[in-house]
Amino acid sequence: MSDRITCPECNGRRGEQLGPLFLACRFCGGTGWVGDTNEPAERGEQAPPEPPPAWEHKVWLDSWISQRVGCRYCLGTGKVTTIDEESRTMVSAPCPACTTP
Ligand SMILES: [Zn+2]
Ligand SMILES: [Zn+2]
């Protein structure tokens, strides 16, 4: 939260007129000002939050299921699949719960 100021990118013009096209200023979001409740950093292009890992699914709150499946991390396969944050790919790793390094 900060004082409202005229957008330094578009000088308050809210964007750029390119022939028939009006391109809204991406810094201020086409409002012509930043600050106050219009913080570029807060709007940003943030990735949606990751879905919770499968083993945090509420099904595991059911002890009947967790007792019968065995290892609830890998379902007895010895491997777990996770999303690698950097490459955004699925990677398999030895199950941390039932595999000893
Ligand atoms: Zn602007
Ligand atoms: Zn396991």
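Everything that follows concerns the structure shown earlier in this document.
Given the structure is predicted, the values throughout are model-derived calculations rather than measurements. (Residues numbered from 1 in each chain as written. Chains lettered and ligands numbered in written order. Predicted model: local features only at pLDDT ≥ 70, side-chain atom pairs only at ≥ 80, totals over all residues. Heavy atoms only, no water.)

(A) Geometry of the overall build of the protein. Looking only at helices and strands, the protein has two helices and six strands in total. Listed by position from the N terminus, the elements making up the protein come as β-β-β-β-α-α-β-β. By residue count, 16% of the 101 residues in the protein fall in the buried class. Split by element, the accessible area of the protein, about 8,100 Å² in all, is 55% carbon and sulfur. (Helix = DSSP H or I, 4+ residues; strand = E, 2+ residues; numbered from the N terminus. Buried < 20%, exposed > 50% of the residue type's maximum accessible area, 1.4 Å probe, protein only. Areas by Shrake-Rupley, 256 points an atom, 1.4 Å probe, with all protein chains shown as cover.)

(B) Structural detail: the packing of aromatic side chains. Tallied over the entire structure, the rule returns zero aromatic pairs. Here the guanidinium or amino end of Arg 4 rests over the ring plane of Trp 33, the centre of that ring lying 3.6 Å away. (Phe/Tyr/Trp six-rings, centres within 6.5 Å; stacked < 30°, edge-to-face > 60°. Lys NZ or Arg CZ within 6 Å of the ring centre and 35° of its normal.)

(C) Main features of the environment of Gly 78. Relative to the elements of secondary structure, Gly 78 occurs in the loop between α2 (63-69) and β5 (79-84). A C-alpha to C-alpha distance of 6.5 Å links Gly 78 and Thr 99, two positions 21 residues apart in sequence.

(D) Main features of the pairing of strand β3 (residues 21-24). Where strand β2 (residues 15-18) lies against β3, four bridges are found, and the strand directions are antiparallel. In the strand pairing of β3, Gly 15 is matched with Ala 24. Connecting the antiparallel pair β2 and β3 is a turn made up of two residues, with Gly 19 showing a positive phi of about 60°. (Pairing = 2+ DSSP bridges.)

(E) Structural view of a nonpolar patch on the surface. A surface patch of nonpolar side chains, about 280 Å² in accessible area, is lined by Leu 18, Leu 21 and Leu 23. Residue classification places Leu 23 among the partly exposed residues on the basis of a relative accessible area of 41%. (Patch = residues over 30% accessible without salt bridge, like charges linked within 9 Å, V, L, I, M, F, W, Y side chains within 5 Å. Salt bridge = Lys/Arg side-chain N within 4 Å of Asp/Glu carboxyl O.)

(F) Quick look at the coordination of the zinc ion (ligand 1). Protein ligation of the zinc ion (ligand 1) involves Cys 7 (SG), Cys 10 (SG), Cys 25 (SG) and Cys 28 (SG), the donor distances falling in the range 2.2 to 2.3 Å. Classification of the site at the zinc ion (ligand 1) rests on its four donor atoms, whose angles at the metal span 101 to 116°, yielding the label tetrahedral. Counting the intervening residues between successive donors of the zinc ion (ligand 1) yields the motif C-x2-C-x14-C-x2-C. Here Cys 10, found in the loop between β1 (5-6) and β2, pairs with Cys 25, found in the loop between β3 and β4 (33-34); they are 15 residues apart in sequence, far enough to count as distant. (Donors = N, O, S within 2.8 Å, 3.2 Å for Na, K, Ca; no water. Tetrahedral: all angles 85-135°; square planar, octahedral: opposite > 155°, others 65-115°.)

(G) Layout of the pattern of salt bridges. Summed over all chains, the structure comprises one salt bridge. Glu 85 is paired through a salt bridge with Arg 88; the nearest N and O atoms lie 4.0 Å apart.

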